[in-house]
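# Observations on the three-dimensional arrangement
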Amino acid sequence: MSERVPIPQTHRAVWPGATPVADLSAGDVFVTAWLRPRHGGELDIRHAIELGSTLPAHRTYADRSELVEQTGADPKDVELLRRYCAKFGIDFVAAYWRHVTLKGSIHELVKAFGATAGIYELEDKRRFRHRSDSLHAPPEIAAILRGVFGIHQWPRSHAISRMEPHVVPPSAKETAARYAFPDGDGSGQTVAVLQLRGAFRADDFAKCMHAQRVTAKSPIVKRIDNAEDRKSTRLNSSHITIS
């Protein structure tokens, strides 16, 4: 096997206040490998800035299928990663656009991507799987990867009421003022919403608006990409249009 090199921009410092307490336990996990875009598919920063400074109604967006074709991973890179992972018994679960879902033993994943990982503990006794330093791989693999996510587990956050019981979250109007939102009621605007294990419910929306002291019409919800509306759904995508 080729000598390993660091995968650029994957360095991670040790979590502040975290202390190593144990080695990794055995078990299979899912991780996501993020690949480079095919030649010519890198983000055009200047164009992105120009688009961001243009009013939404005047923006011109790329067709979704064309965007995937232009910025997706090269099939040759995907196949190269698949063959590399097979050497470690890591399963190739799925590939879409530039991300690849992998499943394998945490120990084999650590070995394949040269990760420094272990079980760490915070002062409040919370434990989590933690990765530090850079990922490493043979040069031909490091060249096509932009990151591997899932080896690290972020420690679970506490509720605000537990950390700071007197903190009151800002209202919608306060948030709009802080971010200098332009005047208007949002009529005719469309927003995309990712629903994590949830679904849009009109009664919840009405209660939220009432609590915020905002008068609003019920939005029109249109699901996209065949997103399912059920409690077991892990990720839904919706377009919400404010009428």
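Look up a bit, the structure's there.
The structure reproduced in this document is the subject of the present report. (Residues numbered from 1 in each chain as written. Predicted model: local features only at pLDDT ≥ 70, side-chain atom pairs only at ≥ 80, totals over all residues. Heavy atoms only, no water.)

## Observations regarding the side chain of H152
Rules: Comment: elements are numbered from the N terminus, with helices defined as DSSP H or I runs of at least four residues and strands as E runs of at least two. Each residue is assigned to one of three classes by its accessible area relative to the maximum for its type, calculated with a 1.4 Å probe on protein chains only: buried under 20%, partly exposed between the two thresholds, exposed over 50%. Counting of polar contacts relies on pairs of N or O atoms within 3.5 Å, with two restrictions inside protein: one atom must be capable of donating a hydrogen and the other of accepting it, and residues adjacent in sequence are counted only when both atoms are side-chain atoms. Contacts are assigned to residue pairs with any non-hydrogen atoms lying within 4.5 Å of each other.
With respect to the helices, strands and loops of the structure, H152 is situated in the loop between β9 (145-149) and α6 (160-163). For H152, a relative accessible area of 9% translates into the label buried. Side-chain polar atoms of H152 contact the backbone nitrogen of R131, separated by 3.0 Å. Setting aside residues no more than four positions away along its own chain, H152 makes contact with R12, F128, R129, H130 and R131.

## Regarding the pattern of salt bridges
Put simply, the rule reads: Here, a salt bridge means any Lys or Arg side-chain nitrogen found within 4 Å of an Asp or Glu carboxyl oxygen.
Throughout the structure, instances matching the rule amount to 8 salt bridges. Among the ionic pairs, R38 bridges to E69, the shortest N-O distance being 3.6 Å. Placement of R38 in the loop between β3 (28-35) and α1 (45-52) and of E69 in helix α2 (residues 64-71) is noted, with a sequence separation of 31 residues between them. A salt bridge links R127 to E121; the nearest nitrogen and oxygen atoms lie 2.8 Å apart. You can call E121 buried: its relative accessible area is 16%. Taken together, the shared-partner salt bridges connect E79, R82 and R83 into one network.

## Notes on the pairing of strand β4 (residues 91-96)
What counts is decided by this rule: Strands qualify as paired when DSSP identifies two bridges or more between them.
Looking at chain direction, β4 and strand β5 (residues 99-105) are connected through 5 bridges and run antiparallel. Bridged to Y96 within β5 is H99.

## Points about the sheet that holds strand β7 (residues 127-132)
Stated formally: To obtain each axis, a line is fitted to C-alpha atoms, and for helices this fit is confined to the stretch in contact; angles are then taken between N-to-C directions over 0 to 180 degrees.
Here we have 3 strands laid out as an open sheet, ordered β2-β6-β7, and antiparallel in their pairing. Strand pairing shows two members of the sheet lacking a second neighbour, β2 (19-22) and β7, which therefore form its edges. Strand-to-strand twist of the sheet, defined as the mean angle between neighbouring strand axes without regard to direction, takes the value 60 degrees. Note: β2 against strand β6 (residues 116-121), 3 bridges, orientation antiparallel. Counted as the bridge partner of A22 is I119 from β6.

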